[in-house]
Amino acid sequence: NFPQILSENIPVSSKDHELMMLGSQLQLMTISHHSLVNIVPRGLINKSTNCFAHAPLQALLVSPLYHIIQKLDSSYTLSPVLNAMKVFFGSFNVASGIVDKMDPPFEPSCIYEMLRNKMPNFNENGRQEDAEEFLGIILSHLHDEMVSAIRSSKKTVSLS
């Protein structure tokens, strides 16, 4: 059942359809807060003044947000922060047992690109930023994108 029509019987654009699909996935999702994921450790390379972002990003890897984002079916271009986090989380492997070695370090360019596009004044001119402020901004934008998608999906009527 894919949402096809807004409740006002207005045809759905591809933009609206994408938001509806994301919102539908988020509404149907159940998350167990007791499920731990054994992520293979991996360092983050800092080539600039973006190290403020690394600790919050690594903390989000062991949060319920990791489970929510990893369960989404695909990427969503209309949700740039959500999409960047999905790419970032997907850069880490899940171990099936004891981890005896690290994966190679990488630069989280998907996050930096999202920051440049979505929040151009953040980290302007190489200015060092605050990790707590960064975490708050990321969580706020993720919240806004998810709420927007859920609201969009609630405006739909399914054609069955």
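Right above here is the structure, for reference.
Residues numbered from 1 in each chain as written. Predicted model: local features only at pLDDT ≥ 70, side-chain atom pairs only at ≥ 80, totals over all residues. Heavy atoms only, no water.

> Before we go on, may I ask you to explain the packing of aromatic side chains in this structure?
Each aromatic ring pair is characterised by the separation of its centres together with the angle its planes make. For the structure on display, the rule yields six aromatic pairs. On the basis of an interplanar angle of 80° and a centroid distance of 5.6 Å, the ring pair of phenylalanine 52 and phenylalanine 134 is categorised as edge-to-face. Here the residue phenylalanine 52 occupies a position in the loop between strand E2 (42-44) and helix H2 (54-60), and phenylalanine 134 occupies one in helix H6 (residues 131-154), the gap between them amounting to 82 residues. Taken individually, phenylalanine 52 and phenylalanine 134 each receive the classification buried, so the pair is uniform in this respect. Between phenylalanine 88 and phenylalanine 106 the ring centres are 6.1 Å apart and the planes differ by 35°, which places this aromatic pair in the tilted class. Of the two residues, phenylalanine 88 sits in helix H4 (residues 80-90) while phenylalanine 106 sits in strand E3 (residues 103-106), which places them 18 residues apart along the sequence. The burial state of phenylalanine 88 is the same as that of phenylalanine 106; both residues are buried. In this structure an aromatic cluster arises from ring pairing among Tyr66, Phe88, Phe89, Phe92 and Phe106. (Phe/Tyr/Trp six-rings, centres within 6.5 Å; stacked < 30°, edge-to-face > 60°. Helix = DSSP H or I, 4+ residues; strand = E, 2+ residues; numbered from the N terminus. Buried < 20%, exposed > 50% of the residue type's maximum accessible area, 1.4 Å probe, protein only.)

> Would you explain the nonpolar core in this entry?
What tends to happen in soluble globular proteins is that the nonpolar side chains get buried as a cluster. Core analysis: the biggest nonpolar cluster contains 33 residues, and Met85, Phe88, Ile111 and Ile138 have the highest contact counts within it. Secondary-structure elements contributing two or more residues to this core are helix H1 (14-28), H2, helix H3 (64-70), H4, helix H5 (109-118) and H6. The element that contributes the greatest number of residues to this core is H4, accounting for six residues. Not counting residues up to four positions away in its chain, the partners in contact with isoleucine 111 are Leu57, Ala84, Met85, Phe88 and Phe134. (Core = buried A, V, L, I, M, F, W, Y, C linked by side-chain atoms within 4.5 Å. Contact = heavy atoms within 4.5 Å.)

> In this structure, what is going on with H5? I would like to understand it.
Helical geometry note: an α-helix holds 3.6 residues per turn, so side chains three or four residues apart project in the same direction. All of the buried residues in H5 are Cys110, Ile111, Tyr112, Met114 and Leu115. Elements that come into contact with the buried residues of H5 comprise H2, H4 and H6.

> Is there a simple way to think about the packing of H5 against H6 in this case?
Pairs of packed helices are described in terms of their axes, by the angle between the two and the distance that separates them. Direction vectors running N to C along H5 and H6 enclose 75°, while the axes themselves pass 13 Å from each other. Considering the angle they form, H5 stands roughly perpendicular to H6. Touching Ile111, Met114, Leu115 and Lys118 of H5 are Phe134, Ile138, His141 and Glu145, all from H6. Counted by class, the contact of H5 with H6 contains five nonpolar, one polar and two charged residues. (Axes fitted to C-alpha atoms, helices over the stretch in contact; angles between N-to-C directions. Parallel < 35°, antiparallel > 145°, perpendicular 65-115°, else oblique. Nonpolar A, V, L, I, M, F, W, Y, C, P; charged D, E, K, R; others polar.)

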